[in-house]
Amino acid sequence: MIKDSDKKDNADTRPEKAKKYGGGTKRREPSKIIYVLFLLIYLVTTLSMTRVAGSQEVIVLNQGSVIIPVVTLNGILSPLANICIIFMVVFFGKLGFITSLTLLLFQFPMLIRSIFFMHNTSSAAGLFSNVFTIITVILIYRRNVTIERYQKNEVENLRAQRGFTERLFEQTATALVGAIDAKDEYSHGHSERVAEYAEKIAREAGMSDEECRRIYYAGLLHDVGKIGIADNIINKNGKLTPEEYEVIKQHPVMGNQILTSISEYPYLSIGAHFHHERYDGKGYPDRLKGDDIPEIARIISVADAYDAMTSNRSYRDAIPQQLVREEIVKGAGTQFDPEYAKIMQHLIDLDSEYKMRERTVAGNLAGRDELVCGIYRGEVSDGILLTQNMTGIHLKFKPEGTAPDGTVSRSPAIILFDSLDGRVHESEKLIRELAYFEYGEIWLDGHVSEKNVRRTQVLEFEKDAEKTRSRSRDKETVYDIEAVNINDHVLIRIDDSRKITEVTLALPDSSRYAYIGLTGEYCRISEIAVSRSEMPVSKDYISRIADPISYLNGPAGDIPNIQIDGSRSAATDGIAITDGMTVSFHTLSLPTARLIWHCPYIVIFSSDDKKVKGKNYREYALTRLDGENWDVDGFAENKLIVNRNDDFEGWDAWKKACKEGFDCVVSFGRAGNKISVTTENQGLYVKNTTTLPDGTGEVYAALTGDQVALTNIRIQGGNA
């Protein structure tokens, strides 16, 4: 079901971090402290020159054998002042030029006064030096401006040339991708989606913009070698023969040969060549293993497999998201690099609306606002998920034609169901594979057909009896529906402007989803509009018509037993973690559990009231018994170790054991700001070490999970 992987270049292909200004080198100016230092030296030197200019004093050296007049020091001080002036112009551009010119012009009045009014002829040399320095400063500044203008033009030209080259490269890559997709009628858009998913993985891994860009284009061209594969093999509708499969396996080699010639972009050939290598060394073409596979290829491998599963094929529709996630979990450490498999799992968890997949017409209502129905259930809309947030559905109904027995459609109908892909299924194979479960049918005139519910209650409230008696069967009827699901109860309220019908159904459990599928017979259902409120209704919004479902049949321990119907829908109170503490319990997955992570979880957290999601709540780690671990909001650092020993019989055996139930022991250790959580179950050893931030006070552990009942919870060495 899953495709293979890529690898990292043995020579490091990761570029330096992208420069802030996106190309071109910006001249680095000296610190402003140096500017101030030059200015101070100049001012001190100039003042000293003024003082010694008319001095009659001498400096006696070597016991009187050498006599130096103080006035001659001007020969040293004057060049020093000029050097400071020139350095300010050279190193500080316009600021230095304006400062230098101002200082030099300020000296003119003093020099002229000294020559003509004080008759100090030695100042004539200073006047000449000042004029010469001004000319030099102007020439230096003009030269600098010319050079900077030239450099700026060169940078702009280089940027324009680089932009043109990049556009040309993008257009060429897009053309190649178009040629690939044109050959494979079942994979239109595959290369672009793989590129997008690979870039998402790289970005989540903290890579730079330039690295993400490289990975995007390597992903875009990873299948370029398929150009060399015969169309009849690529588009074969059915299983490939061993000989045909060997031909298909040559496309990474062909892709490498095509892209190696692009020497400016060596990373492109890496993605094409190694994206079918496996982390366990069982891939092709070179059977590379682990970190010997280039990093680019390891990322593309996960993205490629994900898109293969979430796209429609000639022999199947896109696989439901939960099953895709499970396949990624199963492939971590065997087919995929565990690090990038984990990031892909995280991206799936964030994609609650399943937007990361092939965007085609996925159902009878997708992209349209009406259904034209013939025989009953011949057309059924995609499922509309019911949650604790009120869902509103508006539609118009009009009979069209008659059934073979001459009857006229009485109203639209709702199919209330659950399935992994949110669609109604009739095939026994799909019912089994997609865990399809139907609760019943509700006609919008109030008639209910029960299938798998514990109890149904129907209440009707007349709005206008006269309108009801005069209702015409051939006119359009407008329906407004409100529906909500709370735990094991569903309420559907139907308003046809004449009466309101309230249907309450007690479902057989609290852990399944509830979807509405719209259908009818010999009618047109139009102007369909679906909305959902932003805030959930209260938990007691639906009047209960049946007792709660409980699987807590085991004995009670030190703290109350707990049933978790959905992902983290309930949790025990916090248990203060002490070094050497152990928590034991019996775990039993609920009848509806079907995935690897339908098992217990351990939460490490702090809060003022010792409750998960309580006051001032901070979560430090979430460790699942299946070996997944998640940091939350960056409050702590976590190091996870997962080992499969000889007793681990595979994930199917793991799910079976969870269904049958087993006893579990979790050990805790604490040394300062480090907390360890260790457990071993069904051959799976899991240890997570959490490093807490400094100053963290008391920290708690709580048990939670997904579709699991935890009983006989006992604590040793800790306080509940």
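This structure is a prediction, so every number in the text was calculated from the model and none was measured.

A.B. asks: Hey, could you go over the overall build of the protein for me, with residue numbers and the actual values?
C.D. replies: Each helix and strand in the protein was counted, giving 15 helices and 26 strands. Expressed as a percentage of the 720 residues in the protein, the buried residues total 47%. The contacts in the protein between residues at least 6 apart in sequence include a share of 72% that link residues at least 24 apart. Of the roughly 36,300 Å² that the protein leaves accessible, carbon and sulfur atoms contribute 53%.

A.B. asks: Give me the lowdown on a nonpolar patch on the surface, citing residues and values where you can.
C.D. replies: On the surface, a nonpolar cluster with roughly 310 Å² of combined accessible area is contributed by Ile 83, Phe 87, Val 90 and Phe 91. In this fold, Phe 87 is placed in helix H2 (residues 74-116). Residue class for Phe 87 comes out partly exposed when judged on its relative accessible area of 35%.

A.B. asks: Explain the sheet that holds strand S22 (residues 662-671) to me, and be specific about the residues and the numbers.
C.D. replies: Read across the sheet, seven strands follow the order S15-S26-S17-S22-S23-S24-S21 without closing on themselves; strand pairing throughout is antiparallel. Each edge of the sheet is formed by a strand with only one pairing partner; in this case those strands are strand S15 (562-564) and strand S21 (637-644). Within this sheet the neighbouring strands show an average axis-to-axis angle of 20°, counted without direction. Two strands pair when backbone bridges link them, and S21 and strand S24 (residues 684-691) are joined in this way by eight bridges, in the antiparallel orientation. Bridge pairing links Val 642 to Val 686 in S24. Running over the sheet, helix H15 (residues 651-660) touches strand S17 (582-589), S21, S22, strand S23 (674-681) and S24 and is turned about 95° from S17.

A.B. asks: Give me the packing of helix H11 (residues 321-331) against H15: which residues, what numbers.
C.D. replies: Where H11 contacts H15, the axes come no closer than 11 Å and their chain directions differ by 115°. Facing Glu 326, Val 329 and Lys 330 of H11, the residues of H15 in contact are Trp 651, Asp 652 and Lys 655. Here the residues of the contact of H11 with H15 are counted per class, giving two nonpolar, no polar and four charged.

A.B. asks: Describe the sheet that holds strand S11 (residues 489-495), naming the residues involved and giving the relevant values.
C.D. replies: For sheets, the rule is that strands pair by backbone hydrogen bonds, running either parallel or antiparallel. One open sheet holds the seven strands; their spatial order is S3-S14-S5-S10-S11-S12-S9, and the pairing between them is antiparallel. With partners counted over all chains shown, the strands left at the sheet margins are strand S3 (371-373) and strand S9 (455-462), one partner each. Across the sheet, the mean angle from the axis of one strand to that of its neighbour is 20°, orientation sign disregarded. As paired elements, strand S10 (residues 477-486) and S11 share seven bridges and run antiparallel to each other. If you follow Ile 486 over to S11, its bridge partner there is His 489.

A.B. asks: Go over unusual backbone geometry with me, naming the residues and quoting the values.
C.D. replies: Leaving glycine aside, a negative phi is the common case for residues, and trans is the common case for peptide bonds. Along the chain, Tyr 284 connects to Pro 285 via a cis peptide bond; the corresponding omega equals 10°. Within the secondary structure, Pro 285 is located in the loop between helix H9 (267-274) and helix H10 (295-309). Phi is positive for Arg 287, which is not a glycine, with a value near 55°. Examined against the element boundaries, Arg 287 turns out to sit in the loop between H9 and H10.

A.B. asks: I'd like a description of the environment of Ser 269, backed by residues and values.
C.D. replies: Locating Ser 269 in the fold gives a position in helix H9. Since its relative accessible area comes to 10%, Ser 269 is described here as buried. A C-alpha to C-alpha distance of 7.8 Å links Ser 269 and Ile 258, two positions 11 residues apart in sequence. When sequence neighbours within four positions are dropped, the list of residues in contact with Ser 269 reads Asn 256, Leu 259 and Thr 260.

A.B. asks: Which residues make up the pairing of strand S5 (residues 389-399), and what values go with them?
C.D. replies: When you tally the buried positions in S5, you get eight out of 11 residues, the bulk of the element. Where S5 and strand S14 (residues 523-536) come together, nine bridges link them in antiparallel fashion. Along S14, the bridge assignment pairs Ile 393 with Val 530. Pairing between S5 and S10: seven bridges, direction antiparallel. What sits directly across from Leu 395, in S10, is Tyr 479.

A.B. asks: A description of the pattern of salt bridges should follow, citing residues and the corresponding values.
C.D. replies: Pairing between side chains of opposite charge can happen when the charged atoms of each approach one another. Tallied over the entire structure, the rule returns 34 salt bridges. The partner of Glu 476 in a salt bridge is Lys 396, and the shortest N-O contact between them spans 3.9 Å. With Glu 476 in the loop between helix H14 (465-469) and S10 and Lys 396 in strand S5, this pair connects stretches of sequence that are 80 residues apart. Overlapping salt bridges, with partners in common, bring together Arg 377, Glu 426, Glu 438, Glu 441 and Lys 451 in one network.

A.B. asks: How would you summarise the confidence of the model for the protein if you had to cite specific residues and measurements?
C.D. replies: Mean pLDDT over the protein works out to 83, with 83% of the residues at or above the 70 mark. Segment residues 1-27 is flagged for pLDDT under 50; beyond a separation of four residues in sequence, or across chains, it makes 92 contacts in the model. Long-range and interchain partners of residues 360-366, a stretch whose pLDDT sits below 50, account for 15 contacts in this model, where long-range means more than four residues apart.

A.B. asks: Talk me through the nonpolar core; I want residue IDs and the actual numbers.
C.D. replies: If you look at the biggest cluster of nonpolar residues, it comprises 49 residues, and the most contacted ones within it are Ile 201, Tyr 217, Leu 268, Ile 299, Tyr 306, Ile 328 and Met 344. Breaking this core down by element, the ones donating at least two residues are helix H3 (123-183), helix H4 (190-204), helix H5 (209-220), H9, H10, H11 and helix H12 (338-350). The contacts of Ile 299, once residues within four sequence positions are left out, are Ala 198, Ile 201, Ala 202, Met 207, Ile 215 and Tyr 340. Core analysis: the second largest hydrophobic core is formed by 48 residues, Tyr 601, Leu 625, Val 677 and Leu 710 among them.

A.B. asks: Can you break down the packing of H5 against H9 residue by residue, with the values?
C.D. replies: Close contact between H5 and H9 brings their axes to 8 Å; oriented N to C, the two are set at 50°. Classed by the angle they form, the pair H5 and H9 counts as oblique. As for the relative orientation of H5 and H9, their crossing is right-handed in sense. Facing H5, whose interface residues are Arg 213, Arg 214, Tyr 217 and Ala 218, H9 presents Tyr 267, Leu 268 and Gly 271. Looking at the contact of H5 with H9 residue by residue, the classes come out as four nonpolar, one polar and two charged.

A.B. asks: Mind laying out the environment of Lys 396, listing which residues take part and the relevant values?
C.D. replies: Measuring from C-alpha to C-alpha, the distance between Lys 396 and Tyr 479 comes to 6.2 Å, with 83 residues separating the pair along the chain. Discounting chain neighbours no more than four positions away, the residues touching Lys 396 are Glu 476, Thr 477, Val 478, Arg 524, Ile 525, Ser 526 and Glu 527. A distance of 3.4 Å separates a polar atom in the side chain of Lys 396 from a polar atom in the side chain of Glu 527.

A.B. asks: Residues and numbers for the environment of Ser 261, please.
C.D. replies: Residue position: Ser 261 is located in the loop between helix H8 (251-260) and H9. The class for Ser 261 is exposed, based on a relative accessible area of 60%.

A.B. asks: Please provide a residue-by-residue account of the side chain of Ser 589, values included.
C.D. replies: Inspection of the secondary structure assignment puts Ser 589 in strand S17. Given a relative accessible area of 6%, Ser 589 falls into the buried group. Here the side chain of Ser 589 touches His 598 through a polar contact of 3.0 Å, landing on its backbone oxygen. Not counting residues within four places of it along the chain, the set of residues in contact with Ser 589 comprises His 598, Cys 658, Lys 659, Gln 707 and Val 708.

Parameters at a glance
Each chain has its residues counted from 1, following the order in which its sequence is written. Residue-level local features of this predicted model are given only where pLDDT is at least 70; pairs of side-chain atoms are given and counted only at 80 or more, and the full residue set underlies all totals for whole chains, interfaces and linings. Hydrogen atoms and water are omitted, and side-chain values are computed over all heavy atoms in the structure. Note on conventions: DSSP H or I runs of at least 4 residues are helices, E runs of at least 2 residues are strands, and numbering of each starts at the N terminus. Partly exposed describes any residue whose relative accessible area lies between the buried limit of under 20% and the exposed limit of over 50%, with all areas from a 1.4 Å probe on protein chains only and scaled to the type maximum. Working rule for contacts: check all heavy atoms of both residues, and any pair within 4.5 Å makes them a contact. Only the protein chains shown count as cover for residues, with accessible areas throughout obtained via the Shrake-Rupley method and a probe of 1.4 Å. A patch consists of residues exposed above 30% relative accessible area that lack any salt bridge, with like charges linked at up to 9 Å and nonpolar side chains (Val, Leu, Ile, Met, Phe, Trp, Tyr) linked at up to 5 Å. For this analysis, a salt bridge means a side-chain nitrogen from Lys or Arg found within 4 Å of a carboxyl oxygen belonging to Asp or Glu. Pairing between two strands requires that DSSP report at least two bridges joining them. Axes here mean lines fitted to C-alpha atoms, for a helix over just the part in contact, with angles spanning 0 to 180 degrees between N-to-C directions. Amino acid classes used here: Ala, Val, Leu, Ile, Met, Phe, Trp, Tyr, Cys and Pro are nonpolar; Asp, Glu, Lys and Arg are charged; the rest, including Gly, are polar. Think of pLDDT as the predictor's per-residue confidence, scored from 0 to 100. The definition of a nonpolar core used throughout is a set of buried Ala, Val, Leu, Ile, Met, Phe, Trp, Tyr and Cys residues joined through side-chain atoms within 4.5 Å. For this classification, under 35 degrees means roughly parallel, over 145 means roughly antiparallel, 65 to 115 means roughly perpendicular, and everything else is oblique. In this scheme, a crossing is called left-handed if the near helix is turned counterclockwise away from the far one by less than a right angle; it is called right-handed if the turn is clockwise. By the criterion applied in these results, polar contacts are pairs of N or O atoms within 3.5 Å in which, for protein atoms, one can donate a hydrogen and the other can accept it, and in which residues neighboring in sequence qualify only through two side-chain atoms.

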